[in-house]
Amino acid sequence: MKKLMVVLLSAVLALGILAGCGGESKPTGVPEDFSFAIAWNPYGDSTYDSATGVLIKQLVADPVADYTTELKLSGAQLKEIWEILSALDLDGYPDMLQPQNPSNPGPWLNLTVRQGEKERSVYCLDLDAYRSSGEAGRTYAEAGEKIVEILTTTKEWQALPDYQEMYW
């Protein structure tokens, strides 16, 4: 009887390990080869890349390692970001968004979407000025802000220290 229990427990454990080894799949509706990167704040000081999971609260902090963590988004978070970026349609924007009257330094926003071999980035030097330039500016700004909100409300972000350098 003990041998049977050991065999059964071993089988259950092995199945659990094998099920976990399949890797995380993307949620329904999100392409398997989708990833994105975002940089925000003045000078793009805060960054996240979903392909690597690296989240940096402040690039200019010393030591930057204290402001760096790994963030693996949940399926729901990734799906929400996919929907935001799909609705934004970065292909309809120029590579560089140059507002007419930028403030220095304004909040930056760089959005990059990757799918397969295709990569598309749209970069804005002054999000506040661009937001006021029309509907496309507001849409781009709101998309970036929604993604930043998703990232900055995670426990991983909250565990990082306060900003070392404040620009505003």
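Refer to the structure above for everything that follows.
These lines cover the structure that appears in this document, whether it is placed above or below. Model, not experiment: these values are computed from the prediction.

Here we look at the packing of aromatic side chains
Geometry of an aromatic ring pair is reported as the spacing of the ring centres plus the angle between the planes.
Part 1 of the reasoning: With the rule as written, the count across this model stands at eight aromatic pairs.
Part 2 of the reasoning: On the basis of an interplanar angle of 20° and a centroid distance of 6.2 Å, the ring pair of phenylalanine 34 and phenylalanine 36 is categorised as stacked.
Part 3 of the reasoning: The exposure class of phenylalanine 34 is buried, given its relative accessible area of 1%.
Part 4 of the reasoning: An aromatic cluster of three or more residues is present, and its members are Phe34, Phe36, Tyr48 and Trp82.
Part 5 of the reasoning: The cationic tip of lysine 57 hangs over the ring face of tyrosine 163; the distance from NZ or CZ to the ring centre is 5.1 Å.

Looking at a nonpolar patch on the surface
Part 1 of the reasoning: A grouping of Leu59, Val60 and Val64 is seen on the molecular surface, where their side chains present a nonpolar patch of about 220 Å² in accessible area.
Part 2 of the reasoning: In this structure, leucine 59 sits in the loop between β3 (54–56) and β4 (68–70).
Part 3 of the reasoning: A relative accessible area of 42% means that leucine 59 is categorised as partly exposed.

Basis of the calculations
- Residues numbered from 1 in each chain as written.
- Predicted model: local features only at pLDDT ≥ 70, side-chain atom pairs only at ≥ 80, totals over all residues.
- Heavy atoms only, no water.
- Phe/Tyr/Trp six-rings, centres within 6.5 Å; stacked < 30°, edge-to-face > 60°.
- Buried < 20%, exposed > 50% of the residue type's maximum accessible area, 1.4 Å probe, protein only.
- Lys NZ or Arg CZ within 6 Å of the ring centre and 35° of its normal.
- Patch = residues over 30% accessible without salt bridge, like charges linked within 9 Å, V, L, I, M, F, W, Y side chains within 5 Å.
- Areas by Shrake-Rupley, 256 points an atom, 1.4 Å probe, with all protein chains shown as cover.
- Salt bridge = Lys/Arg side-chain N within 4 Å of Asp/Glu carboxyl O.
- Helix = DSSP H or I, 4+ residues; strand = E, 2+ residues; numbered from the N terminus.

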